[in-house]
Amino acid sequence: MKKLSVFTLAAVTLFLTSCGKKSSTETTTTEEQQVAEKTGDVLPVNLETSKVDWKAFHKGGFAPRWGTLTLVSGEVSVEGEELTAGEFVIDMKSIKVDPASVTEKDKKYSELEAHLKSGDFFDVEKNPTADFKITKVAALDPAAKGAIEGANKTVSGNLTLKGKALNVSFPAKVTIADGNASIQAKFTVNRTDWDIKFGTTETDPAEWMISKDIEIGIDVNAAKK
């Protein structure tokens, strides 16, 4: 595969990047934290209606690529009308590139899918799954910038990619009602934090063009059986 046809993903993510910079959505990344205790009712995630999207760019914000990932399993814990905990497992072998995002005649979406699954990026044969485990749910700071419409909480959790776990915090819209729960969010992570460093040496012009940021979008739904 030619280097000029290589574009970065996104993970797990899942999954806001422009001009090579993070968007205004406030996302923070720290060391792995203790997972939140499950309290209240445990609701299984509806794998048919839940989804994870990803989007990535070249530096300068051009030639965006996007696609999906599939959840293998998941559950959330709710007590009253509050989200208390949750964990989700993502099938990294399910990485899909939307063919509509690859418009250049000399490039194929299937080649990008294969490259993202390779050792250069997510090495899915050695790391077939990724996961996210909630560590804390707090009221959203009114001063938070760039949150999705309706965001009311800051969700923090350990995101594990390629066997490395880091804690990520981001604004989210959390809805709990009538035995149902939903979590919607869109946030950006820097893939190099998880040691996914292909194209970051900037010694090759083709690799220099690859952005380090990945936008992850999540829409998770859970309900009592």
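For the structure given in this document, a descriptive report is provided here. (Residues numbered from 1 in each chain as written. Predicted model: local features only at pLDDT ≥ 70, side-chain atom pairs only at ≥ 80, totals over all residues. Heavy atoms only, no water.)

### So, the pattern of salt bridges
Consideration 1: Using the criterion set out here, one finds 10 salt bridges in the structure.
Consideration 2: Put simply, glutamate 104 and arginine 65 hold a salt bridge, and the shortest N to O gap is 2.9 Å. Of the two residues, glutamate 104 is situated in the loop between strand 7 (82–97) and helix 1 (109–117) and arginine 65 in strand 6 (residues 65–79); the sequence distance between them amounts to 39 residues.
Consideration 3: Overall, glutamate 104 belongs to the partly exposed group, its relative accessible area being 24%.
Consideration 4: With a relative accessible area of 1%, arginine 65 lands in the buried category.
Consideration 5: Salt-bridge contacts for glutamate 215 lead to lysine 186; the nearest nitrogen and oxygen are separated by 3.5 Å. With glutamate 215 in strand 12 (residues 213–223) and lysine 186 in strand 11 (residues 180–190), this residue pair connects regions lying 29 residues apart in the sequence.
Consideration 6: A relative accessible area of 31% means that lysine 186 is categorised as partly exposed.
Consideration 7: Taken together, the salt bridges that share partners define one network made up of Lys38, Glu75 and Glu87. (Salt bridge = Lys/Arg side-chain N within 4 Å of Asp/Glu carboxyl O. Helix = DSSP H or I, 4+ residues; strand = E, 2+ residues; numbered from the N terminus. Buried < 20%, exposed > 50% of the residue type's maximum accessible area, 1.4 Å probe, protein only.)

### With respect to the pairing of strand 6
Consideration 1: Where strand 4 (residues 41–44) lies against strand 6, four bridges are found, and the strand directions are antiparallel. From the neighbouring strand, proline 44 faces strand 6, where its bridge partner is glutamate 75.
Consideration 2: Inspection of the sheet shows strand 6 paired to strand 7 by 11 bridges, in the antiparallel sense. Bridge pairing links threonine 68 to lysine 96 in strand 7.
Consideration 3: Counting the residues between successive antiparallel strands, the hairpin from strand 6 to strand 7 contains two residues, one of them, glycine 80, with a positive phi of roughly 65°. (Pairing = 2+ DSSP bridges.)

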